[in-house]
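Okay, here's what each chain looks like letter by letter:
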Amino acid sequence: MKITKILPIIADLPLVRPIKMSGVEISVSENVFVKVETDNGLVGWGEASSSPAMTGETVESMMAAIRFLTPFFIGRDPSSFNQNLDEMDWRIYGNTSAKTVLEMAFYDIAGKNQNKSIVELLGGAKRNSMPVVQMLATGDLNTDLLDAQTKADEGFAAMKIKVGGKPLSEDIERTKAISESLNGKVQLSADANQGWSRDEGIEFANNASEFLDFLEQPVMGRDVEGMAKIALHSSCLISADEGLHSLEDIRRHHRELAAHGGSLKTIKLGGITRALQATELFHDLGMNVNLAGKTAETSIASAAILHIAAAAKNLFWGVSPTAPYLAVDVVYNPIVVKSGHVQAPVEPGLGVMVNEDALLSYARPS
């Protein structure tokens, strides 16, 4: 089985409603997709949402990286995962989102070729049903309170408040109010997405951490020392996100007592293989794991996250597929969240059937 064609696509996908993260409002997700074809008639799909503040990549740079790599992958076996990752790393530094898009499509093809789901390729499922982390991200107290109660009634067992905006006092007030309204019914976290200075992170920890199970990425990802200082003031556990781009980043956060776990995304680590390796390291270090998609990805990338989450030894902080936040999806069989829980698809490969016409209707002219 050899790769014969690689086609990258940019699509702009509307959200159900705007999401506020660190004071920034997002209403459209800019995503890159790739369609990979092989000489035995198989087609695989990959996807990643752009996140310049997380990986340094835009959709334009992702497209350029994929086009740069394409000649080196024509004729290669998509199921040679480690060799393909080595080839990507040798050909181009960084560009982990672009590498994720390609490797995801390779996994999709390999699974279809072997008639196995990706979780089977990863060693088999450790769990079937997984708790979904619901974002509370409108920035409006009354709306977030209503969403929290509605989702709790639906059976969601984990929620994450998006904080990191200004003023800090409003984040503290909103966190306290949501916690009191839920009264311990769910695992509750807050995510600042690097939105605070060290002093602001300490102030939040002193005044609001008692209402949370964990606090995610209060300061810039590179500020591991700041994370450790905030941890000293926090009544809840500390989680890293934007600070985790490699296995060594995980070891450093553990070594410096800067985090008790973290949110793992394929786009930060460079694909499915390395995301699973990261979950294994977290488990070995006694750290908690959340598997997450970037806001917001369709059921293509969300399915990949679910396969990794199902295969992970540790999923104490739940899974965060982001397809439900999109107003549109581009597959015939989207992932389904039921009573606050979700399952990984069982069909071969990613387990989703791409509606190419729907995808192309949102694509930018190439």
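Residues numbered from 1 in each chain as written. Predicted model: local features only at pLDDT ≥ 70, side-chain atom pairs only at ≥ 80, totals over all residues. Heavy atoms only, no water.

**Points about the layout of surface pockets**
Okay, so step 1: Considered as a void within the structure, the largest pocket measures approximately 590 Å³ in volume.
Okay, so step 2: Along the wall of the largest pocket there are 35 residues; nearest its centre are Met-21, Ile-26, Ser-51, Asn-193 and Lys-294.
Okay, so step 3: When contributions to the lining of the largest pocket are tallied by element, the ones reaching two or more residues are β2 (24-38), α1 (52-55), β5 (133-136), β6 (158-162) and β11 (288-292).
Okay, so step 4: The dominant element in the lining of the largest pocket, judged by the number of residues it contributes, is β2, at five residues.
Okay, so step 5: Counted by class, the lining of the largest pocket contains 13 nonpolar, 13 polar and nine charged residues.
Okay, so step 6: Each pocket or cavity is described by its volume, and for the second largest pocket that value is around 320 Å³.
Okay, so step 7: In this structure, the second largest pocket is lined by 18 residues; those nearest its centre are Arg-17, Gln-134, Lys-151, Pro-324 and Tyr-325.
Okay, so step 8: At the level of secondary structure, the elements contributing two or more residues to the lining of the second largest pocket comprise β1 (3-21), β5 and α6 (141-154).
Okay, so step 9: For the lining of the second largest pocket, the per-class residue count stands at 13 nonpolar, two polar and three charged. (1 Å grid on protein atoms, 1.4 Å probe; cavity = no way out; pocket = protein on both sides within 12 Å on 5 of 7 lines; lining within 4 Å. Points joined across faces, edges and corners; volume = space filled by probe spheres on them. Helix = DSSP H or I, 4+ residues; strand = E, 2+ residues; numbered from the N terminus. Nonpolar A, V, L, I, M, F, W, Y, C, P; charged D, E, K, R; others polar.)

**Points about the packing of α6 against helix α7 (residues 168-182)**
A pair of packed helices is captured by two measures, namely the crossing angle of their axes and the spacing between those axes.
Okay, so step 1: Their axes nearest at 10 Å, the elements α6 and α7 cross at an angle of 30°. As judged from the angle between their axes, α6 and α7 are roughly parallel. Crossing geometry of α6 relative to α7 is assigned as right-handed. Contact residues: α6 offers Leu-141, Asp-144, Leu-145, Ala-148, Gln-149 and Ala-152, while α7 offers Glu-173, Arg-174, Ala-177, Ile-178, Ser-181 and Leu-182.
Okay, so step 2: Split by residue class, the contact of α6 with α7 holds seven nonpolar, two polar and three charged. (Axes fitted to C-alpha atoms, helices over the stretch in contact; angles between N-to-C directions. Parallel < 35°, antiparallel > 145°, perpendicular 65-115°, else oblique. Left-handed = near helix turned anticlockwise from the far one by under 90°. Contact = heavy atoms within 4.5 Å.)

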